[in-house]
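What the coordinates show
If you want the building blocks of each chain, they are given just below.
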Amino acid sequence: MLKFLSKVKIEFNALDPRTAGCMEFLAQCNSRKAKESNPACQLMVKRRTDNHPPEITVTFVNGVEEKFDATTTSAQTIRTMILEKGQYLETEQMFRDAGEQWPVLIPEEELRQTAPGTKPRKAEEKKQ
């Protein structure tokens, strides 16, 4: 998960009962596997004393910053969103490295083409 991020900032009030998502996400970020995936990722924890809701801010390797309200978003949901966005970034980089245009534009006539039908092969045909 951390391999797609350059910085993670977790803000919460330790006395606030809504901090469960922040604590779980912090534990995931501190795991050995996560740290090994990107040792350069900065992990910052800010303990607040006011009534500010728990918040997680992540900065992706391309510089895009995204904030999550940890009171309404579970750590697993945040993790899934990061992984999805990371896969998108990897795909984009792969196309750019290959010298291809991004985003990929599919011509309208190709979108309207019908796909050829396929028939499952029978067991006898597979043996031969």
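Each remark here, short or long, concerns the structure printed above.
Attention here is on the structure that accompanies the text. Keep in mind that what you see is a predicted model, and the values were worked out from it rather than measured.

**What about the overall build of the chain?**
When its secondary structure is counted, the chain shows five helices and four strands. When the helices and strands of the chain are listed from N to C terminus, the series reads β-α-α-β-β-β-α-α-α. Taken over the C-alpha trace, the chain has a radius of gyration of 22 Å; the compact-globule value for 128 residues is 14 Å, which it surpasses by more than 25%. Referenced to the eigenvectors of the C-alpha coordinate spread, the extents of the chain come out at roughly 70 × 40 × 30 Å. Scored against the burial criterion, the 128 residues of the chain give a buried share of 30%. As displayed, the chain offers around 9300 Å² of accessible surface, 51% of which is attributable to carbon and sulfur atoms. Charge-centre separation for the chain: the mean point of 20 positive side chains lies 6 Å from the mean point of 19 negative side chains.

**Here's the deal with the nonpolar core**
Val-8, Phe-25 and Ile-56 are the most contacted members of the largest nonpolar core, which has 22 residues in total. The residues contacting Phe-25, other than those within four sequence positions of it, are Met-1, Val-8, Ile-10, Ile-56, Ala-75, Ile-78, Arg-79 and Ile-82.

**Quick look at the packing of helix H1 (residues 20-29) against helix H3 (residues 75-97)**
Direction vectors running N to C along H1 and H3 enclose 50 degrees, while the axes themselves pass 8 Å from each other. Relative to H3, H1 is oriented oblique. On H3, the residues that touch Gly-21, Glu-24, Phe-25 and Gln-28 of H1 are Ala-75, Gln-76, Ile-78, Arg-79 and Ile-82. Looking at the contact of H1 with H3, its residues break down into four nonpolar, three polar and two charged.

**Some thoughts on the pattern of salt bridges**
Summed over the entire model, instances satisfying the criterion amount to nine salt bridges. Here Arg-18 makes a salt bridge to Asp-16, at a shortest N to O gap of 2.7 Å. Relative accessible area serves as the criterion here: at 36%, Arg-18 is assigned to the partly exposed category. Bridged by salt links that share partners, the residues Lys-9, Glu-11, Arg-48 and Asp-50 form one connected network.

**Thoughts on unusual backbone geometry**
Note: most peptide bonds trans; most residues except glycine with negative phi. The amide bond that connects Trp-102 to the next residue, Pro-103, takes the cis arrangement and shows omega of 0 degrees. Position of Pro-103 among the secondary structure elements: in the loop between H3 and helix H4 (108-111).

**As for the side chain of Thr-59**
Structurally, Thr-59 is set in strand E3 (residues 55-60). Taking the relative accessible area as the measure of exposure, Thr-59 reaches 11% and is therefore buried. Sequence-distant contacts of Thr-59, defined by excluding residues within four places in its chain, comprise Leu-5, Ser-6, Lys-7, Val-64 and Glu-65.

What counts as what
Residues numbered from 1 in each chain as written. Predicted model: local features only at pLDDT ≥ 70, side-chain atom pairs only at ≥ 80, totals over all residues. Heavy atoms only, no water. Helix = DSSP H or I, 4+ residues; strand = E, 2+ residues; numbered from the N terminus. Rg over C-alpha atoms; globule rule 2.2 N^0.38 Å. Buried < 20%, exposed > 50% of the residue type's maximum accessible area, 1.4 Å probe, protein only. Areas by Shrake-Rupley, 256 points an atom, 1.4 Å probe, with all protein chains shown as cover. Lys, Arg positive; Asp, Glu negative; His and termini not counted. Charge placed at Lys NZ, Arg CZ, Asp CG, Glu CD. Core = buried A, V, L, I, M, F, W, Y, C linked by side-chain atoms within 4.5 Å. Contact = heavy atoms within 4.5 Å. Axes fitted to C-alpha atoms, helices over the stretch in contact; angles between N-to-C directions. Parallel < 35°, antiparallel > 145°, perpendicular 65-115°, else oblique. Nonpolar A, V, L, I, M, F, W, Y, C, P; charged D, E, K, R; others polar. Salt bridge = Lys/Arg side-chain N within 4 Å of Asp/Glu carboxyl O.

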